[in-house]
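What follows is the residue order along each chain.
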Amino acid sequence: MNEAAQAYWNEYWDKRGGDKPESVSAWPFGADPDQLAGLVISGIKTATCSALACYEAEGEPLPAVGDYSIILNAKNLPVAIIQTVEVNVMPMNEVPEEFAAAEGEGDRTYRYWREVHEQFFTKELNRLGKAFSDDIPLVCERFRLVDVKS
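### Observations regarding the nonpolar core
Phase 1 of the analysis: Counting residues in each nonpolar core, the largest one holds 17 residues, and the members touching the most others are C49, V95, W113, F121, L138 and C140.
Phase 2 of the analysis: Those elements that place two or more of their residues in this core are β2 (47-51), α3 (52-58), α4 (97-102), α5 (110-127) and β5 (137-148).
Phase 3 of the analysis: In contact with C140, other than residues within four places in its own chain, are T48, C49, E86, V87, N88, M90, V95 and F99.
Phase 4 of the analysis: Of all hydrophobic cores here, the second largest spans 11 residues; its members include A5, Y8, Y68 and I70.

Written out as structure tokens, the structure reads:
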């Protein structure tokens, strides 16, 4: 976690009080960090997904219910804090339409979600030396907005 994200995390818990969780991650959304962070802040985006293969390749633990994340913009500066409320691993071709809509992107249709995510995951998997398929396992995460950096 970078210095700005750590300072924001500490500031948030100093104001809030209580026991600060030990574990927090900080990351930008993949394709367009600023736009997607804006959708989170406006309350439109309440879900996200990642290819399971990316977690495995990077040796990263899967998100878990209760986890906190600091959302970074394209300049790696913190803009918000979210908390994970649900995590499911499922094949891409079984992701329900309402989850696609909860991702908040484009016109919020399943068709749009499918096209954009197929392009994104094809690039990500190619980078790992893997091929895209309709049934790649996705880590589907729902979250709630906890704080917006002022």
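### Some thoughts on the pattern of salt bridges
Phase 1 of the analysis: By the definition in use, this model includes 10 salt bridges.
Phase 2 of the analysis: For R142, the salt bridge goes to E86, with nearest N and O atoms at 3.6 Å. Within this pair, whereas R142 is found in strand β5, its partner E86 is found in strand β4 (residues 78-91), the two being separated by 56 residues in sequence.
Phase 3 of the analysis: Looking at R142, the relative accessible area reads 16%, which means it is buried.

### Here's the deal with the sheet that holds β2
Phase 1 of the analysis: Read across the sheet, 5 strands follow the order β1-β3-β4-β5-β2 without closing on themselves; strand pairing throughout is mixed. In this open sheet, the two edge strands, each paired with only one partner strand, are β1 (24-28) and β2. Along the sheet, successive strands turn relative to each other by an average axial angle of 40 degrees, direction set aside.
Phase 2 of the analysis: Across 11 bridges, the pairing between β4 and β5 is antiparallel. Looking across to β5, one finds that Q83 is bridged to R144.
Phase 3 of the analysis: Along the sheet face, helix α1 (residues 3-16) touches β1, β3 (68-72), β4 and β5 and points at about 100 degrees away from the line of β4.

### Some words on the pairing of β2
Phase 1 of the analysis: For β2, the buried fraction is high: 4 of the 5 residues fall into the buried class.
Phase 2 of the analysis: Sheet analysis places β2 next to β5, joined by 5 bridges and oriented antiparallel. Counterpart to C49 in the pairing with β5 is C140.

### Regarding the packing of aromatic side chains
Phase 1 of the analysis: Scanning the model with the defined rule gives 7 aromatic pairs in all.
Phase 2 of the analysis: Both rings, one in W27 and one in F29, keep their centres 5.0 Å apart while their planes meet at 85 degrees; by these two values the pair is edge-to-face.
Phase 3 of the analysis: Judged by its relative accessible area of 21%, W27 falls in the partly exposed class.
Phase 4 of the analysis: Ring-pair connections join several aromatic residues into one group, and the members of that group are W9, Y12, W13 and Y68.

Rules behind the numbers
Residues numbered from 1 in each chain as written. Predicted model: local features only at pLDDT ≥ 70, side-chain atom pairs only at ≥ 80, totals over all residues. Heavy atoms only, no water. Core = buried A, V, L, I, M, F, W, Y, C linked by side-chain atoms within 4.5 Å. Buried < 20%, exposed > 50% of the residue type's maximum accessible area, 1.4 Å probe, protein only. Helix = DSSP H or I, 4+ residues; strand = E, 2+ residues; numbered from the N terminus. Contact = heavy atoms within 4.5 Å. Salt bridge = Lys/Arg side-chain N within 4 Å of Asp/Glu carboxyl O. Pairing = 2+ DSSP bridges. Axes fitted to C-alpha atoms, helices over the stretch in contact; angles between N-to-C directions. Phe/Tyr/Trp six-rings, centres within 6.5 Å; stacked < 30°, edge-to-face > 60°.

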